[in-house]
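In case you want the letters, here they are:
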Amino acid sequence: LHTIMAGGGLMRIEYARVEKCGQRMVKGRYCLHLHYMGDCPDCAFIGNAIEDSAQGGITIHETHSATIRSNVLWNTRGNGIYTEDGNEMGNRFIENVVVCST
């Protein structure tokens, strides 16, 4: 399983459990992924539980002003939560927990 929203629109996932997600060795296949959404103040990942990820947990790429809040990530391979290019601005990362990331 992987989720991606790309190129505009709105993605909001709240209080979901996502397990055995991501595709190892396949670029761009992360559990929860905002991809080239531009300025997206209504985009959010809130209160989710992510576990046993094959590749990353939450990835924000070329998306600005999104909210990533109160997520718990367990046993994610690679990164837990990250911004892909580092030029993503105004995103709010609030009270998230990453445990046992490898």
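What counts, and where the lines are drawn
Residues numbered from 1 in each chain as written. Predicted model: local features only at pLDDT ≥ 70, side-chain atom pairs only at ≥ 80, totals over all residues. Heavy atoms only, no water. Pairing = 2+ DSSP bridges. Helix = DSSP H or I, 4+ residues; strand = E, 2+ residues; numbered from the N terminus. Salt bridge = Lys/Arg side-chain N within 4 Å of Asp/Glu carboxyl O. Buried < 20%, exposed > 50% of the residue type's maximum accessible area, 1.4 Å probe, protein only. Phe/Tyr/Trp six-rings, centres within 6.5 Å; stacked < 30°, edge-to-face > 60°. Core = buried A, V, L, I, M, F, W, Y, C linked by side-chain atoms within 4.5 Å. Disulfide = S-S within 2.5 Å.

A. Seen up close, the sheet that holds strand β7 (residues 58-64). In spatial order, the strands read β1-β4-β7-β10; together these four strands make up an open sheet with parallel pairing. Looking at strand neighbours, the two that pair on one side only are β1 (5-6) and β10 (81-83), the edges of this open sheet. As paired elements, β1 and strand β4 (residues 32-39) share two bridges and run parallel to each other. For M5, the partnering residue across the bridge sits in β4 and is L34.

B. Spatial organisation of the pattern of salt bridges. Per the stated rule, a full pass over the model turns up four salt bridges. As a salt-bridge pair, E51 and R17 come within 2.8 Å of each other at their nearest N and O atoms. Of this pair, E51 sits in strand β6 (residues 49-53) while R17 sits in strand β3 (residues 17-19), and the two are 34 residues apart along the sequence. Owing to a relative accessible area of 22%, E51 belongs among the partly exposed residues under this scheme. Residue R17 is classed as exposed on the basis of its relative accessible area of 56%. Via salt bridges that share partners, R17, E19, K20 and E51 belong to a single interconnected network.

C. Region of interest: the packing of aromatic side chains. The final tally for this structure, using the stated rule, is one aromatic pair. Ring geometry for Y30 versus Y82: centroids 6.2 Å apart, planes at 90°, classification edge-to-face. Taken as a pair, Y30 in the loop between β3 and β4 and Y82 in strand β10 lie far apart in primary sequence, 52 residues in all. Residue classification places Y30 among the buried positions, given a relative accessible area of 7%.

D. Broad picture of the environment of G90. Of note, G90 is situated in the loop between β10 and β11 (92-94). For the pair formed by G90 and T63, sequence separation is 27 residues and the distance between their alpha carbons is 9.0 Å.

E. Local environment of the environment of N79. As for its position among the elements, N79 is in the loop between β9 (72-76) and β10. Given the relative accessible area of 23%, N79 is considered partly exposed. Counting along the chain gives 23 residues from N79 to G56, while the straight-line C-alpha distance between them is 4.9 Å.

F. Geometry of the nonpolar core. Core analysis: the largest hydrophobic core is formed by 17 residues, its most contacted members being L32, L34, F45, I50 and I58. For this core, the secondary-structure elements that each account for two or more residues are β4 and β7.

G. Highlighting the state of the cysteines. For the structure on display, the rule yields two disulfides. There is a disulfide in this structure between C21 and C31, and the S-S distance comes to 2.0 Å. Its S-S torsion of approximately 80° makes the covalent link between C21 and C31 right-handed. Of this pair, C21 sits in the loop between β3 and β4 while C31 is found in the loop between β3 and β4, placing the two residues ten residues apart along the sequence.

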